[in-house]
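Structural overview for review
So the chains spell out like this:
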Amino acid sequence: MRIPFAQIDAFSDTPFGGNQAAVMPLSAWLDDAVLLNIAQENNLSETAFIVASDDDGVDFDLRWFTPGAEVALCGHATLASGHFVLSSDTALDRVRFRTRQAGMLEVARADSGYTLKLPAWGPSPKAIPEIVAALNVAEPVETLWHDKGYALVIVDDEAVVRDLKPDYAALAKFPIVAIVAARGEATDIVSRVFTPYYAINEDPVTGAAHAVMVPYWAPTLGNSFTAYQASARGGKLTCRLEGDRVVLGGSCVTTIEGTFLLP
């Protein structure tokens, strides 16, 4: 079986930035074990699989796999999937994806890039001392949790975020996405995101993490602000809260196109 393959840098307007995702269109769903094996072979933070749909209001069904597991939501691979579809058909101005755990998502053209609509997963205050310890955060300002498996740890300074050295082995025991964030200097907020349970120690740019952070920061910063994820690759996002939706803005660059050969 030959499966089309594109590797795309999401949340970046130049190659080698943002977060890499593989996008692979299928004619029908393969077994979950096969999808996971493909994601492990790609060895990127995320592989997105899309299947065209004839249902009203749906363009594609979408699922995401890390090398370790299927995930409930992935923003950068959704943005990459939108770029894959929209760059293939200039007549389209938006594409709608149906997902299994995050509902309907949409990617639309916007200026030189795209907007991505995700659910607003506002977190609630919760003590998470074991996660804080694994992150090696000495004095968090606040800790929060969302039941989809997102831990949000607020610290008082951007330097704390940038200098953080988590204990990945300890953190890998928790099936979570761990976010550490603070007010930024050049952007309104700065964050880093760690997902060792899913076989990625640090995720370069994480749209889903901003689906959790934007509702948290909006009462302080207003409904529109900027964000930077301070990974080694780095990524800039614009953020907006619209009711129960988080709208993220960013660009994509396709770096590799080819065919995946499945025996």
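Shown above is the structure to which this text applies.
Quick look at the structure, then. (Residues numbered from 1 in each chain as written. Predicted model: local features only at pLDDT ≥ 70, side-chain atom pairs only at ≥ 80, totals over all residues. Heavy atoms only, no water.)

Notes on the packing of aromatic side chains
Put simply, the rule is: Here is the rule: rings of Phe, Tyr and Trp (six-membered ring for Trp) pair when centre to centre is within 6.5 Å. Planes less than 30 degrees apart are stacked, more than 60 are edge-to-face, and the remainder are tilted. Helix and strand assignments come from DSSP, with helices taken as H or I runs of at least 4 residues and strands as E runs of at least 2, each series counted from the N terminus. The classification of residues rests on relative accessible area computed with a 1.4 Å probe and restricted to protein chains. Under 20% of the type maximum is buried, over 50% is exposed, and intermediate values are partly exposed.
Across all of its chains, the model carries 6 aromatic pairs by this definition. Ring centres of F49 and F65 lie 5.8 Å apart, and the angle between their planes is 80°; this geometry places the pair in the edge-to-face category. Here the residue F49 occupies a position in strand β3 (residues 47-52), and F65 occupies one in strand β4 (residues 60-65), the gap between them amounting to 16 residues. Comparing F49 with F65, the two get one shared label, buried.

Looking at a negative patch on the surface
Rules: The patch calculation keeps residues exceeding 30% relative accessible area without a salt bridge and links them within 9 Å when they carry like charges or within 5 Å when they are nonpolar (Val, Leu, Ile, Met, Phe, Trp, Tyr). For accessible areas, the Shrake-Rupley method is used with a probe of radius 1.4 Å. Any residue's cover is judged against the shown protein chains and nothing else. For salt bridges, the criterion is a side-chain nitrogen of Lys or Arg within 4 Å of an Asp or Glu carboxyl oxygen. In this tally, Lys and Arg are treated as positive and Asp and Glu as negative; His is ignored, and so are the chain termini. Charge placement uses NZ in Lys and CZ in Arg. For Asp and Glu, CG and CD serve respectively.
There is a patch of like negative charges on the surface, built from E139, D156, D157, D163 and E185. Of note, D163 is situated in helix α4 (residues 158-163). The exposed category is assigned to D163, whose relative accessible area is 53%.

Focus on helix α2 (residues 75-86)
Selection criterion: What a helix is expected to span follows from its residue count: subtract one and scale by 1.5 Å.
Under the 1.5 Å per step criterion, the end-to-end length of α2 is 16 Å for 12 residues, consistent within 8% with the ideal 16 Å. With 12 of its 12 residues buried, α2 lies for the most part within the structure. Within α2, the full set of buried residues consists of G75, H76, A77, T78, L79, A80, S81, G82, H83, F84, V85 and L86.

Focus on unusual backbone geometry
In this structure, F11 is a non-glycine residue whose phi angle is positive, near 60°. Inspection of the secondary structure puts F11 in the loop between β1 (2-10) and β2 (19-26). Using a relative accessible area of 3% as the deciding quantity, one classes F11 as buried. Here the phi dihedral of A199 falls at roughly 75°; this positive angle occurs in a residue that is not glycine.

Some points on the pattern of salt bridges
For the structure on display, the rule yields 11 salt bridges. A salt bridge links R63 to D32; the nearest nitrogen and oxygen atoms lie 3.0 Å apart. Placement of R63 in strand β4 and of D32 in helix α1 (residues 32-42) is noted, with a sequence separation of 31 residues between them. On the basis of relative accessible area, D32 is assigned to the partly exposed category, the value being 41%. For R96, the salt bridge is made with D59, and the minimal N-O distance between the two is 3.2 Å. With R96 in strand β5 (residues 94-98) and D59 in the loop between β3 and β4, this pair connects stretches of sequence that are 37 residues apart.

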